[in-house]
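Okay, here's what each chain looks like letter by letter:
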Amino acid sequence: QVQLVESGGGSVQSGGSLRLSCAASGYTYSTYCMGWFRQAPGKEREGVAGIYSGGGGTYYTDSVKGRFTISQDNAKNTLYLQMNSLKPEDTAMYYCAKSREMMCWGRLGLASEYNYWGQGTQVTVSS
């Protein structure tokens, strides 16, 4: 069955960096859109970054452009999110997700367009 397992979260000070990883298994990795989402307490889940696992464009929400980089290692079926210049407002639970369809829409996907999710990894940024 499809499994997505995130790791790499933690606590850092403002301006610090973290790299999240998401190990995917149970399906053909290179045929779907993969995304990173985050959810802070009391807020809706929001898309952070997306990438077509077969290679191609990357997509970011405006608040992380220039600070976060999504990438992947297809040989390892692993998705990454490099987060630099972290801010307290980046504090949230971060989730990786696999798209429902074999496409990436040319944009950052909506949460409803993903059908498998990892368990999440907590990122806390202190000022």
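This text follows the structure it describes.
These numbers come from a predicted model, not from an experiment. (Residues numbered from 1 in each chain as written. Predicted model: local features only at pLDDT ≥ 70, side-chain atom pairs only at ≥ 80, totals over all residues. Heavy atoms only, no water.)

A. Here's a closer look at the overall build of the protein chain. Scanning the protein chain from terminus to terminus reveals 0 helices and 11 strands. The order of helices and strands in the protein chain, counted from the N terminus, is β-β-β-β-β-β-β-β-β-β-β. Over its C-alpha trace the protein chain gives a radius of gyration of 13 Å, about what one expects of a compact globule, namely 14 Å for 127 residues. Along the longest, intermediate and shortest principal axes, the C-alpha atoms of the protein chain span 40 × 25 × 25 Å. Here the protein chain, with 127 residues, has 44% of them falling under the buried criterion. Summarising the internal contacts of the protein chain: among those between residues at least 6 apart in sequence, 58% fall at separations of at least 24. Surface summary for the protein chain: the accessible area is close to 6,100 Å², and the carbon and sulfur share equals 47%. Averaged over its 11 positive side-chain charges, the protein chain has a centre that lies 3 Å from the centre of its 9 negative ones. (Helix = DSSP H or I, 4+ residues; strand = E, 2+ residues; numbered from the N terminus. Rg over C-alpha atoms; globule rule 2.2 N^0.38 Å. Buried < 20%, exposed > 50% of the residue type's maximum accessible area, 1.4 Å probe, protein only. Contact = heavy atoms within 4.5 Å. Areas by Shrake-Rupley, 256 points an atom, 1.4 Å probe, with all protein chains shown as cover. Lys, Arg positive; Asp, Glu negative; His and termini not counted. Charge placed at Lys NZ, Arg CZ, Asp CG, Glu CD.)

B. Layout of the pattern of salt bridges. Taken as a whole and assessed by the stated rule, the structure comprises 5 salt bridges. Notably, a salt bridge pairs Glu46 with Arg38, separated by 2.6 Å at the nearest N-O pair. We classify Arg38 as buried; its relative accessible area is 6%. Taken together, the salt bridges that share partners define one network made up of Arg38, Glu46, Arg67 and Asp90. (Salt bridge = Lys/Arg side-chain N within 4 Å of Asp/Glu carboxyl O.)

C. Highlighting the state of the cysteines. For the structure shown, the criterion picks out 2 disulfides. Paired by a disulfide, Cys22 and Cys96 hold their sulfur atoms 2.0 Å apart. Taking the sign of the S-S torsion, 55° for the link of Cys22 and Cys96, the bridge is right-handed. Placement of the pair is Cys22 in strand S3 (residues 18-25) and Cys96 in strand S9 (residues 92-99), with a sequence separation of 74 residues. Its relative accessible area of 0% is what places Cys22 among the buried residues. What pairs with Cys33 in a disulfide is Cys104, and their sulfur atoms sit 1.9 Å apart. Linking Cys33 and Cys104, the disulfide has an S-S dihedral of approximately 45° and is accordingly described as right-handed. (Disulfide = S-S within 2.5 Å.)

D. Local environment of the nonpolar core. Trp36, Leu79, Leu81, Met83 and Tyr94 are the most contacted members of the largest nonpolar core, which totals 29 residues. Listing elements by their share of this core, those giving two or more residues are S3, strand S4 (33-39), strand S5 (46-52), strand S7 (68-73), strand S8 (78-83), S9 and strand S11 (121-126). If one sorts the elements of this core by residue count, S3 sits on top with 4 residues. Once residues within four sequence positions are removed from consideration, Met83 is found in contact with Gly16, Ser17, Leu18, Leu20, Arg67, Phe68, Tyr94 and Val123. If you look at the next biggest cluster of nonpolar residues, it comprises 6 residues, including Cys33, Ala97, Cys104 and Tyr114. (Core = buried A, V, L, I, M, F, W, Y, C linked by side-chain atoms within 4.5 Å.)

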